[in-house]
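# A closer look at the structure
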Amino acid sequence: MCGIVGYIGTKEAYPILIKGLHRLEYRGYDSAGIALISDNQELNVYKTKGKVADLERFAESKDISGCIGIAHTRWATHGEPCSANAHPHYSSSEKLALIHNGIIENHEELRELLKSRGYVFNSQTDTEVIAHLVNWEMRTASNLLEAVQKTVEQLTGAYGMVVLDREHPEHLVAARSGSPLVIGLGIGENFLASDQLALLSVTRRFIYLEEGDIAEITRRTVDIYDANGQKVEREIHES
Ligand code: GLU
């Protein structure tokens, strides 16, 4: 399980996300990627095999604007280390992007189900099934939070994940089961990471998600729901 960083606020997300990934490099990884919703509402996804510095070289001539984004360092469990298998994964004409730490044990059945629904897979990872499942659930859910709630009910395995929706750049949705996630609280901005170490240069206030928690995070708010869908309060820790 490797590194997750997320940001939503008014600052440029790219330098914050890249710095967070660098702080998680000690864990070891084989590829890195980033997804940003740009100033003109495009979802830009850049990913590459290799180091975070390789990702920076890859992205430097591209549009890295945007005040919301997610970034990942991958330790391959399903599928070789390569840019296609690196996270973020996305679904349906790059509308949703998703990063994931952990292993989805029932990914083969879900892959067959999603293929029968017409989804085309671009990677060999277990993670890509989650992106397409969220996309499928978005068809009937009233919002991204509900789509993620319906998705995780279908997953067997371990995950810490964060989802970005180009059509709703006002929030990120994160879910945790078997793989840690921490929310970093700012003023007019909020952060996410798999390890608070990634965020120590930007905040000292943290909420640790508990098993089964799903969080909807905006610039100014953090709403957390437990595995039963009940809204819950989690303690804020000062580090
Ligand atoms: N199982 C996922 C993959 O192989 C996530 C790996 C990780 O935790 O970095 O892409």
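Structure's up top.
Scope of this entry: the structure provided in the associated data block. (Residues numbered from 1 in each chain as written. Predicted model: local features only at pLDDT ≥ 70, side-chain atom pairs only at ≥ 80, totals over all residues. Heavy atoms only, no water.)

## What about the pairing of strand 13 (residues 222-225)?
What counts, and what does not: At least two bridges found by DSSP between two strands is the condition for calling them paired. Segments assigned H or I by DSSP are reported as helices when at least four residues long, segments assigned E as strands when at least two residues long, and all are numbered from the N terminus.
Bridge count between strand 12 (residues 214-217) and strand 13: four bridges; the pairing is antiparallel. Paired with Ala 215 across the strands is Ile 224, a residue of strand 13. What sits between strand 12 and strand 13 in their antiparallel hairpin is a turn of four residues. Judged from the two bridges that link them, strand 13 and strand 14 (residues 231-232) form a sheet pairing that is antiparallel.

## Remarks on the site of the ligand
Quick reminder of the rule: Here, proximity means that at least one heavy atom of the residue falls within 4 Å of the molecule or strand. Two N or O atoms count as a polar contact when they lie within 3.5 Å, although within protein this holds only if one can serve as hydrogen donor and the other as acceptor, and sequence-adjacent residues are included solely when both atoms are side-chain atoms. Per-residue and other accessible areas follow the Shrake-Rupley method at a 1.4 Å probe size, with only the shown protein chains counted as cover for residues. When residues are grouped by polarity, Ala, Val, Leu, Ile, Met, Phe, Trp, Tyr, Cys and Pro land in nonpolar, Asp, Glu, Lys and Arg in charged, and all others, Gly among them, in polar.
For the ligand, the set of nearby residues contains 15 residues, the closest of which are Arg 74, Thr 77, His 87, Gly 102 and Asp 126. With respect to the ligand, the backbone of His 78 contributes an N or O atom lying 3.2 Å from an oxygen atom. Here a nitrogen atom of the ligand and a backbone polar atom of Gly 102 are 2.7 Å apart. Bound to the protein, the ligand loses 100% of the 300 Å² it would expose on its own. Mapped by element, the contributors of at least two residues to the shell around the ligand are strand 4 (68-74) and strand 6 (96-104). The greatest single-element share of the shell around the ligand, amounting to three residues, is contributed by strand 6. The residue inventory of the shell around the ligand, partitioned by class, reads four nonpolar, nine polar and two charged.

## Examining the side chain of Ser 38
Spelled out, the test is: In this analysis, two residues are considered to be in contact whenever any of their non-hydrogen atoms come within 4.5 Å of each other.
Within the secondary structure, Ser 38 sits in the loop between strand 2 (31-37) and strand 3 (43-49). In this structure, Ser 38 is in contact with Asn 44, Asp 63, Ser 65 and Gly 66, ignoring residues within four places of it in sequence.

## Some points on helix 3 (residues 107-116)
We count it as follows: Note on classification: 1.4 Å probe, protein chains only; a residue is buried when its accessible area is under 20% of the maximum for its type, exposed when over 50%, partly exposed between these limits. The arc in question is the one spanned by the directions pointing from the helix axis to the C-beta atoms.
For helix 3, the full list of buried residues reads His 107, Leu 110, Arg 111 and Leu 114. End-on view of helix 3: buried residues confined to an arc of 105°, all on one side of the axis. In helix 3, the exposed positions angled more than 90 degrees off the buried face are occupied by Glu 108, Glu 109 and Ser 116. In this structure, the buried residues of helix 3 make contact with strand 6 and helix 4 (127-138). Looking one or two residues past helix 3, Gly 118 carries a phi angle of roughly 100°, positive in sign.

## Some details on the packing of helix 3 against helix 4
Helices that pack against each other are described as a pair by the angle of their axes relative to one another and the distance between those axes. Just so we agree on the cut-off: Here the axes come from fitting lines to C-alpha atoms, over the contacting stretch only for helices, and the angles between their N-to-C directions go from 0 to 180 degrees. Convention used here: angles under 35 degrees read as roughly parallel, angles over 145 as roughly antiparallel, angles from 65 to 115 as roughly perpendicular, and any remaining angle as oblique. For a crossing to be left-handed, the near helix must be turned anticlockwise from the far one by less than a right angle; the clockwise case is right-handed.
In contact at an axis separation of 9 Å, helix 3 and helix 4 are set at 45° when each is read in the N-to-C sense. As summarised for this structure, helix 3 and helix 4 are arranged oblique, according to the angle between their axes. Both helix 3 and helix 4 take part in a crossing whose hand is left-handed. Contact with helix 3, carried on its side by His 107, Leu 110, Arg 111 and Leu 114, involves Val 129, His 132 and Leu 133 of helix 4 and no other residues of that element. Split by residue class, the contact of helix 3 with helix 4 holds four nonpolar, two polar and one charged.

## Some thoughts on the nonpolar core
What tends to happen in soluble globular proteins is that the nonpolar side chains get buried as a cluster. Formally: Take the buried residues of types Ala, Val, Leu, Ile, Met, Phe, Trp, Tyr and Cys, join any two whose side-chain atoms come within 4.5 Å, and each joined set is a nonpolar core.
Counting 27 residues, the largest nonpolar core has Ile 130, Val 134, Leu 144, Val 148, Val 152, Leu 155 and Met 161 as the members making the most contacts within it. When contributions to this core are tallied by element, the ones reaching two or more residues are strand 6, helix 3, helix 4, helix 5 (144-152), strand 7 (157-165) and strand 8 (172-177). At six residues, the largest contribution of residues to this core is made by helix 4. Setting aside residues no more than four positions away along its own chain, Val 152 makes contact with Tyr 159, Met 161, Ala 175 and Ile 214. By size, the runner-up hydrophobic cluster in this structure holds 26 residues, among which are Leu 21, Ile 34, Phe 191 and Phe 206.

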